[in-house]
Amino acid sequence: GIQVEQSPPDLILQEGANSTLRCNFSDSVNNLQWFHQNPWGQLINLFYIPSGTKQNGRLSATTVATERYSLLYISSSQTTDSGVYFCAVEAWAAGNKLTFGGGTRVLVKP
Amino acid sequence: ETGVTQTPRHLVMGMTNKKSLKCEQHLGHNAMYWYKQSAKKPLELMFVYSLEERVENNSVPSRFSPECPNSSHLFLHLHTLQPEDSALYLCASSQGYNQPQHFGDGTRLSIL
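This is a predicted model, so every value here is computed, not measured.

A. Local environment of the packing of aromatic side chains. Applying the stated criterion across every chain, the model contains 8 aromatic pairs over all chains. Following the ring pairs from residue to residue traces out a cluster consisting of F35, F86 and F100 of chain A together with Y33, Y35 and F103 of chain B. Above the ring of Y69 of chain A, the side-chain terminus of R22 of chain A is found at 4.2 Å from the ring centroid.

Next comes the structure, spelled out in structure tokens:
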């Protein structure tokens, strides 16, 4: 099946800092989503981005499908950005199931 | 309002109990999913329903039994669970394959 690797596994930020999270995948994908899971377990859809660049407030994401990676940018981080960020992909090679990476755990300190 | 509602939010049960998890989506989607999230592990897909038919069953033990009576509702019936089944169970829905999945808030299940 398809492999999805996220880096770094853990990230500690000072409030106001910028950061980049990376998602690498091992095969061509039809769909890529970024999620944020808050400390209460709620999983929020951030971006649906199989290719290109999208922005939503302080967050933006870029997927370079030909090179099999996606980046999530967090600018001017806030304590409410804390949680786990998951990348998930759907690929023909994996039967179109959404396959999740291991996540990046982010802690933003005040 | 996420559009996908799961009940209950928390459930504690003994290994011999029978309980059900409920998921309801208000988004008009055609596909619904159950995922399991154990501590320090990626989300694992358990079941997929498309147009009320099960299209995916990822080698899930028979003590988990899904039911999809219509396109808006999805249940997960639990029976004779094991302690290792303690986890966060997440429901999601999407318009179809290759469409964004929207998740409920999850049911945190603890098996005594």
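B. Seen up close, the interface of chain B and chain A. Between chain B and chain A, the contact holds 19 residues from the first and 20 residues from the second. Buried surface at the junction of chain B and chain A, both sides included, amounts to about 1600 Å², of which 51% is carbon and sulfur. Between the two partners, chain B and chain A, sit 0 salt bridges. Across the contact surface, chain B and chain A share 4 residue pairs in polar contact (both at pLDDT 80 or more). If you list the elements that add at least two residues to the side of chain B that touches chain A, you get β4 (31-37), β9 (87-94) and β10 (102-103) of chain B. In terms of residue class, the side of chain B that touches chain A is made up of 9 nonpolar, 6 polar and 4 charged.

C. Quick peek at the pattern of salt bridges. All names here are of chain B. Considering all chains together, one arrives at 3 salt bridges over all chains under this definition. R9 is the partner of D105 in a salt bridge, and the nearest nitrogen-oxygen pair spans 3.8 Å. You can see D105 sitting in the loop between β10 and β11 (107-111) and its partner R9 sitting in the loop between β1 (4-7) and β2 (10-13), a full 96 residues away along the chain. Look at D105 and you get buried, because its relative accessible area is 17%. The closest approach of N and O atoms between R63 and D85, which form a salt bridge, is 2.7 Å.

D. Spatial organisation of the nonpolar core. All names here are of chain A. Of all hydrophobic cores here, the largest spans 24 residues; its most connected members are L21, W34, F47, L72 and V89. Contributing elements (two or more residues each) for this core: β2 (10-14), β3 (19-25), β4 (31-37), β5 (43-48), β7 (59-64), β8 (69-74), β9 (83-90) and β11 (104-109). If sequence neighbours within four positions are ignored, L72 has contacts with S19, T20, L21, W34, L46, F47, S60, A61 and Y85.

E. Region of the structure containing the side chain of S38 of chain B. Residues and elements named next belong to chain B. The topology assignment puts S38 in the loop between β4 and β5 (44-50). Taking relative accessible area as the criterion, S38 reaches 13% and is therefore assigned buried. The residues touching S38, leaving out its near neighbours within four places in the chain, are E44 and A87.

F. Expanded view of the sheet that holds β1 of chain B. Residues and elements named next belong to chain B. What the 4 strands build is an open sheet, ordered β1-β3-β8-β7; its pairing is antiparallel. Lying at the two open borders of the sheet, with one neighbouring strand each, are β1 and β7 (64-70). In this sheet, neighbouring strand axes are inclined to one another by 20 degrees on average, regardless of whether the strands run parallel or antiparallel. Across 4 bridges, the pairing between β1 and strand β3 (residues 18-25) is antiparallel. Paired with T5 across the bridge in β3 is E24.

Basis of the calculations
- Within each chain, residues carry numbers counting from 1 in the order of the written sequence.
- For this description, chains carry letters from A and ligands carry numbers from 1, given in the order in which they are written.
- Thresholds applied to this predicted model are a pLDDT of at least 70 for local features of residues and 80 or more for the giving and counting of side-chain atom pairs; totals over whole chains, interfaces and linings are not thresholded and use all residues.
- Derived side-chain values reflect all non-hydrogen atoms in the structure, with water molecules and hydrogen atoms excluded from consideration.
- Within 6.5 Å between ring centres, the rings of Phe, Tyr and Trp (the latter by its six-membered ring) count as paired, and their orientation is classed by plane angle as stacked under 30 degrees, edge-to-face over 60, tilted in between.
- Geometrically, a lysine NZ or arginine CZ counts as sitting over a ring once it is within 6 Å of the ring centre and also within 35 degrees of the ring normal.
- Residue contacts follow a heavy-atom distance rule, with two residues in contact if any of their heavy atoms lie within 4.5 Å.
- Summed over both partners, the accessible area (1.4 Å probe) lost when two parts come together is defined as the buried area.
- When a carboxyl oxygen of Asp or Glu lies within 4 Å of a side-chain nitrogen of Lys or Arg, that pair is called a salt bridge.
- Polar contacts, as counted here, are pairs of nitrogen or oxygen atoms within 3.5 Å of one another; within protein the pair requires one atom able to donate a hydrogen and one able to accept it, and residues that are adjacent in sequence qualify only if both atoms are side-chain atoms.
- Where helices and strands are cited, they refer to DSSP runs of H or I of at least four residues and of E of at least two residues respectively, numbered from the N terminus.
- Gly falls in the polar group here, along with every residue not listed as nonpolar (Ala, Val, Leu, Ile, Met, Phe, Trp, Tyr, Cys, Pro) or charged (Asp, Glu, Lys, Arg).
- Only protein chains enter the accessibility calculation, which uses a 1.4 Å probe; a residue whose area is less than 20% of its type maximum is buried, one above 50% is exposed, and one in between is partly exposed.
- Think of a nonpolar core as a cluster: buried Ala, Val, Leu, Ile, Met, Phe, Trp, Tyr and Cys residues, connected wherever their side-chain atoms sit within 4.5 Å.
- Between any two strands, pairing holds if DSSP finds at least two bridges.
- Axes, fitted as lines to C-alpha atoms, cover a helix only where it is in contact. Angles between the N-to-C directions of the axes lie from 0 to 180 degrees.

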